[in-house]
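Below, each chain spelled out in residue letters.
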Amino acid sequence: MDRDGRFGEQVVTPDIGEDIFALAAKIFPICRSITGNGVRQTLREIGAHIALEAHEVPTGTQVFDWTVPREWNIRDAYIKDSSGRKVVDFAQSSLHVMSYSVPVRQRLSLAELKQHVHTLPEQPDLIPYRTSYYAENWAFCMAHRQLEGLREETYEVVIDSSLQDGSLTYGECVHQGETEDEFLLSAHVCHPSLANDNCSGLALLTHLAKKMSGLRTHYTYRFLFAPGTIGAITWLARNEERSRRIKHGLVISMVGDGGGPTYKKSRRGDAAIDRAMIHVLRHAGPAATVVDFSPYGYDERQYCSPGFNLPVGLFQRSRYGSIPQYHTSADNLDFIRPEHLAQSFAAIANTIDVIENDAVYSNTNPKCEPQLGKRGLYGAIGGSSDAATDQMAMLWVLNFSDGTRSLLDIAERSNLPFAVVRRIARILEEHGLLARCQTSAE
Amino acid sequence: MDRDGRFGEQVVTPDIGEDIFALAAKIFPICRSITGNGVRQTLREIGAHIALEAHEVPTGTQVFDWTVPREWNIRDAYIKDSSGRKVVDFAQSSLHVMSYSVPVRQRLSLAELKQHVHTLPEQPDLIPYRTSYYAENWAFCMAHRQLEGLREETYEVVIDSSLQDGSLTYGECVHQGETEDEFLLSAHVCHPSLANDNCSGLALLTHLAKKMSGLRTHYTYRFLFAPGTIGAITWLARNEERSRRIKHGLVISMVGDGGGPTYKKSRRGDAAIDRAMIHVLRHAGPAATVVDFSPYGYDERQYCSPGFNLPVGLFQRSRYGSIPQYHTSADNLDFIRPEHLAQSFAAIANTIDVIENDAVYSNTNPKCEPQLGKRGLYGAIGGSSDAATDQMAMLWVLNFSDGTRSLLDIAERSNLPFAVVRRIARILEEHGLLARCQTSAE
Amino acid sequence: MDRDGRFGEQVVTPDIGEDIFALAAKIFPICRSITGNGVRQTLREIGAHIALEAHEVPTGTQVFDWTVPREWNIRDAYIKDSSGRKVVDFAQSSLHVMSYSVPVRQRLSLAELKQHVHTLPEQPDLIPYRTSYYAENWAFCMAHRQLEGLREETYEVVIDSSLQDGSLTYGECVHQGETEDEFLLSAHVCHPSLANDNCSGLALLTHLAKKMSGLRTHYTYRFLFAPGTIGAITWLARNEERSRRIKHGLVISMVGDGGGPTYKKSRRGDAAIDRAMIHVLRHAGPAATVVDFSPYGYDERQYCSPGFNLPVGLFQRSRYGSIPQYHTSADNLDFIRPEHLAQSFAAIANTIDVIENDAVYSNTNPKCEPQLGKRGLYGAIGGSSDAATDQMAMLWVLNFSDGTRSLLDIAERSNLPFAVVRRIARILEEHGLLARCQTSAE
């Protein structure tokens, strides 16, 4: 446990992967879309763990260039063959109905039905995920192999949905820090039964907020669970002034598979969050990939639009669109694993640790090296598993703590993990060899 | 055809390679040197296509550290064996006589003759190209194999040349643009029958000037056809004040072979012409080579001398000196091809297109993305062959058009061709989503 | 011989490697430590070649965070078996006794003896080098194979040493230059019979100072022979004001083996000494390695501590700790070679040549190239072995001598050796084509 109940490595507990997985599994079956009761039900599950405030924004509200759409809800949907057998049943998978499908109740020939069916001919066993938010339409999604097996007959098609004035829903959980400067953590809540994209992200952020509860932090942490695109736009439109407090931010999605990890930099490219996350991932293993910002992806598109240009990056495992499971029924609970969720959690927690604890120190004894031996600092440090690394870290911290370089600067320069540099800095500070400088206002 | 009759992609016509080749073939046989009637005759052929002004600068004129030399002309030259047979005949190739050879009419033994013969022992079938501008001398150039076949006998040697006061000749064609800022295009006119070096460059620039005629341009384009080194020095000495208007420039030579393309950066290294040409070549194919400025090569040596330091680069296919045909009789009309000339023409035209059309825009809707769908901009754009590329280009242009980045900046950042970025910017401008910023004065 | 008796390439004489080796061999047997008569005897040998001033600093003197320790001397030491045979004899190798071992005269069982013996089990034939400066203790060092051969019997152990108030000794030789700005050359004098580490460095610097004697230099050269760590700290503590004159510096150690060469940059990383040494090593051969500063190594740790941050790098052949001979009896006179010492000497002398002679020139004829031919500079330059290189060097120096770039800048840009660029600059200066600019004060 870190001193003074501050946020630190203690949040990475052994069971964290299982805890995240359990919540992801619980919200997996819910049929979410950019509006509607699926979102509300998901937020209720999240709210069982953390203090979540749900916001409702009425249909028709203008949010910058966009308008909050009508609310979509669905109760049931199926395709019955002439024998009355349901060949497609929404109750079995929320992916079976194209999101925002308008209500329909018809009898159709196979040829007519096919005009309203999406499949993936190259992945014939998978159901695709499709939406039509802003063009009124209806469709079913199914496995291509199943479609090919349908006989020429008359089908009864029912989509018991509604598209009418209502509201858009998003949830916020705020962890108050010592300052009003904010760290934004954002996950989209609009995808239906896709485990990695983004039940994994919703569940991870929920447990991060839960672990953070009661701990002291410098920054105020805002956890945002909002529908993709329109939800982020709505939040920004309603919080334009507040958004200026955001000093660091991460969009989180697809954090449960075994690929990556991948970090996409903020539009600024050299923000503190970029440097911190890149540092953490480089020490997490050789497989980490860092990509420059591009204006395509998740809600970093909105946070990093030129009128905001917030320091918000994107953390994922496999990169969106780079894996065959992406936006199909193969993105199910078998695709995500507790151990991957735990690794993702640790990467994010360690990045927050860097952001919270980076500081500039001055060597109080800058002329030549201090004599470490007479202070008992030469050789093994009590309890340390790696005396040689600690010894080198002491030399690095002493030499480069000249009032201009932060601990992260030193960690980068020395190729030592921030956690080691930070621990050594505390030991040196306790021995009076290091003094913390005033950190410059951001 | 580009709007408003402005310079654009329309100048790259299907027959352009054949047109350039035809002119190169026509001027190929002429015996050019740094002065004399060969240059005048070449300029007359060029002047049959464009409005060319020929300048005559008298022998003895001081041009910076140099003096315009005496004028050299040649009517005939041969070596006859004792039977009266011409074993070497200037009428067959202008390469047979070393440029600036003084007149001679002698009978010589083979041993004496060999003192005045240049060959290429390692390329025994080729005639070398040799000059002696500033040391009075005479020599023949021939195939080494032919020299080895000469018998011991008395040879009659005749060079019917003259070296006397006259003038140095260069030609200029000026395309008036909307501003007095200039774009210099320069090709050397002093090499005799070498097809690539530089009949190709002379013919390409002639047809570029011809295509540009009647089109509107921002810059004033100066096409300069001058002898190498002394011609560029003479032009700079006579136009020192005017040279300050040159904002961009290219030296063009060896543009008809199948190698490269090669771009040698200006001495500045980061001039607009450098960025534009590098961008165009990177999208032209994987074989393009970019090299830093060095003070050896063509007339960029003079334009980039420290007292001028003009933003002038060098465009070639194969790099000078890097190919066995260089400065030999193998640099003939078989060595250049219409398709290579057309590619070179396109590279230069596209570079001019970047220079003419690069501009800084501002996203009029910078807070979050605009809703492209309600404007019909989401999905396929009418007439576009690549809807996905266009979609991404829209996102890039919108996100990065923040009043500080130009279209070329965005093209470089997004790795999209400038032509795509520029077209998308116009569409977005037409929809009111983009506004052109005042371009800063250069 | 360089003009005017200035320091130049003439210091690299054919016998220099043999001369350095001879001195290294002479001081090799002496038992040095951080204090004591071994250091004094070594300085006397060095003082036989150059004007060396020895300084004595009393035990107990406070030097920054450190205190000058008691003086250690040793006369004899051995381990005798029960038959009276000396199984270990200090007279055979000064490595046999751990440096700063307190006096001992005991009879011990083998088991008791082993508590006070250091060996290298993985290099069983070598004697390790060990010290215990700041913890009172005693020990012998021997080959592991020899230890394993000792029988169970009673051993007589004698270390006839003394540890008492005295002084720390270091030597300085100053070559007065035309200015008070200093170039520091520093070698540690505290290691006992280790040939490469650092008899080689002591001998090289001695002969460099000897060669420099009588030659004119811009900088004042300070040769410092001091015990590692405490010696450098002591010098800095006593010369804090003077240290500000140090504009360039090198720590020299392990310069006689066939590895590397290796240059470790100063903490600044872009100091003139860094650029000069890197340039010289890149032209010395492909094996040169350049590493960034790190706060571990030799006395650059003190010179580059943040309170001094002097522009001092480290020159070595093999890097410390990277070779099996490091700090063992295998670092003997067989491990160093005259030819390697000569190469190391040349690298350092050439680096000094760059530092002494780098200067900024202006092309007096900056508009277009000057006509080299009329000055006899076109083609071969008298006495030059490489006319083509000289020709290119002339073009580079003329084009880039614009009053902002130094000869080293031009050498780096053109990839030509500084010595060539410097020679060509003098020729151009003699022809009035180049004028030396006022060099900016450092």
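To continue, consider the sheet that holds strand β6 (residues 104-109) of chain A. Residues and elements named next belong to chain A. Here we have four strands laid out as an open sheet, ordered β5-β4-β9-β6, and antiparallel in their pairing. The sheet terminates laterally at β5 (86-89) and β6, the two strands that pair on one side only. Strand after strand, the sheet turns through a mean of 15° between neighbouring axes, direction not considered. As judged from the six bridges shared by β6 and strand β9 (residues 154-164), these two strands associate in the antiparallel manner. Residue pairing across strands places valine 104 opposite isoleucine 159, the latter belonging to β9.

Our next topic: the relation of the copies chain B and chain A. Expressed as a screw operation, the relation of chain B to chain A combines 0.1 Å of axial shift with a rotation of 120°, fitting to an RMSD of 0.1 Å. Overall, the copies show the geometry of a three-fold rotation axis. Considering only C-alpha atoms, the residue of chain B closest to the rotation axis is B:Asp270, which sits at 13 Å.

Attention shifts here to the pattern of salt bridges. Here the structure, examined in full by the defined rule, presents 86 salt bridges over all chains. We note a salt bridge from B:Arg275 to B:Glu412, for which the minimum N-O separation is 2.7 Å. Placement of the pair is B:Arg275 in helix α7 (residues 272-284) and B:Glu412 in helix α11 (residues 407-414), with a sequence separation of 137 residues. Accessibility expressed as a relative area gives 27% for B:Arg275, which makes it partly exposed. A salt bridge links C:Glu153 to C:Arg151; the shortest N-O distance between them is 3.5 Å. For C:Glu153, a relative accessible area of 15% corresponds to the buried category. Members of the salt-bridge network, linked through shared partners, are A:Arg6, A:Glu178, A:Arg216 and A:Glu356.

Further remarks concern the confidence of the model for chain A. Looking at chain A, pLDDT values average 95 and 97% of them are 70 or higher. Scored as a whole, the predicted complex attains pTM 0.92, and scored at its interfaces, ipTM 0.93.

Before going further, it helps to spend a moment on the side chain of A:Ser33. Residue and element names in this part refer to chain A. In this fold, serine 33 is placed in the loop between α1 (16-27) and α2 (37-47). Looking at serine 33, its side chain comes within polar contact range of the side chain of serine 99, at 2.7 Å. Those residues in contact with serine 33 that sit more than four places away from it in its chain are Val39, Trp72, Ser99, Tyr100, Tyr133, Val189 and Cys190.

A word on the interface of chain C and chain B. Between chain C and chain B, the residue contacts involve 19 residues of the former and 21 residues of the latter. In total, about 1,800 Å² of surface goes out of reach between chain C and chain B, with carbon and sulfur atoms giving 52% of it. Applying the counting rule to chain C against chain B returns five salt bridges. Across the salt bridge formed by C:Asp402 and B:Arg267, the nearest N and O atoms sit 2.9 Å from each other. Joining chain C to chain B, the criterion identifies 15 residue pairs in polar contact (both at pLDDT 80 or more). Only α11 (387-400) and β18 (402-406) of chain C provide two or more residues apiece to the side of chain C that touches chain B. In terms of residues, the side of chain C that touches chain B owes the most to one element, α11(C), which gives six residues. Its residues assigned to classes, the side of chain C that touches chain B comprises eight nonpolar, four polar and seven charged.

Moving on, we get to the interface of chain B and chain A. Each side of the interface is counted separately: chain B has 19 residues, and chain A has 21 residues. Taken over both partners, the interface formed by chain B and chain A buries close to 1,800 Å², and the fraction arising from carbon and sulfur atoms is 52%. Ranking the residues of chain B by area buried against chain A places B:Lys367, B:Cys368 and B:Glu369 at the top, with a combined share of 37%. The tally of links between chain B and chain A comes to five salt bridges. Of the charged contacts in the structure, one is a salt bridge between B:Lys367 and A:Glu240, with a shortest N-O distance of 2.3 Å. The interface formed by chain B and chain A includes 15 residue pairs in polar contact (both at pLDDT 80 or more). Among the secondary structure elements, those contributing two or more residues to the side of chain B that touches chain A are α10 (387-400) and β18 (402-406) of chain B. Considering each element in turn, the side of chain B that touches chain A owes the most residues, six residues, to α10(B). Looking at side-chain class alone, the side of chain B that touches chain A contains eight nonpolar, four polar and seven charged residues.

According to the stated counting rule, one finds 33 aromatic pairs over all chains in the structure shown. Look at B:Trp72 and B:Tyr100: their rings are 5.8 Å apart centre to centre, the planes differ by 25°, and that puts the pair in the stacked class. With B:Trp72 in strand β4 (residues 71-80) and B:Tyr100 in the loop between β5 (86-89) and β6 (104-109), the pair connects residues that are 28 residues apart, well separated along the chain. Here B:Trp72 and B:Tyr100 have matching classes, each one buried. Positioned above the aromatic ring of B:Phe400, the side-chain terminus of A:Arg267 is 4.9 Å from the ring centre.

Bringing the packing of α7(B) against helix α9 (residues 338-357) of chain B into the picture now. All names here are of chain B. Taken N-terminus to C-terminus, the directions of α7 and α9 make an angle of 130°; their axes are 9 Å apart at the nearest point. When the interaxial angle is binned, α7 and α9 end up oblique. Here the hand of the crossing between α7 and α9 comes out right-handed. In this structure, α7 contributes Ala272, Ile273, Ala276, Met277, Val280 and Leu281 to the contact, and α9 contributes Ala347, Asn350, Thr351, Val354 and Ile355. For the contact of α7 with α9, the residue count by class is nine nonpolar, two polar and no charged.

Definitions and limits used
- Residues numbered from 1 in each chain as written.
- Chains lettered and ligands numbered in written order.
- Predicted model: local features only at pLDDT ≥ 70, side-chain atom pairs only at ≥ 80, totals over all residues.
- Heavy atoms only, no water.
- Pairing = 2+ DSSP bridges.
- Helix = DSSP H or I, 4+ residues; strand = E, 2+ residues; numbered from the N terminus.
- Axes fitted to C-alpha atoms, helices over the stretch in contact; angles between N-to-C directions.
- Least-squares fit on C-alpha atoms with pLDDT ≥ 70 in both.
- Salt bridge = Lys/Arg side-chain N within 4 Å of Asp/Glu carboxyl O.
- Buried < 20%, exposed > 50% of the residue type's maximum accessible area, 1.4 Å probe, protein only.
- pLDDT = per-residue confidence, 0-100.
- Polar contact = N/O pair within 3.5 Å; in protein donor to acceptor, adjacent residues only side chain to side chain.
- Contact = heavy atoms within 4.5 Å.
- Buried area = accessible area lost by both parts, 1.4 Å probe.
- Nonpolar A, V, L, I, M, F, W, Y, C, P; charged D, E, K, R; others polar.
- Phe/Tyr/Trp six-rings, centres within 6.5 Å; stacked < 30°, edge-to-face > 60°.
- Lys NZ or Arg CZ within 6 Å of the ring centre and 35° of its normal.
- Parallel < 35°, antiparallel > 145°, perpendicular 65-115°, else oblique.
- Left-handed = near helix turned anticlockwise from the far one by under 90°.

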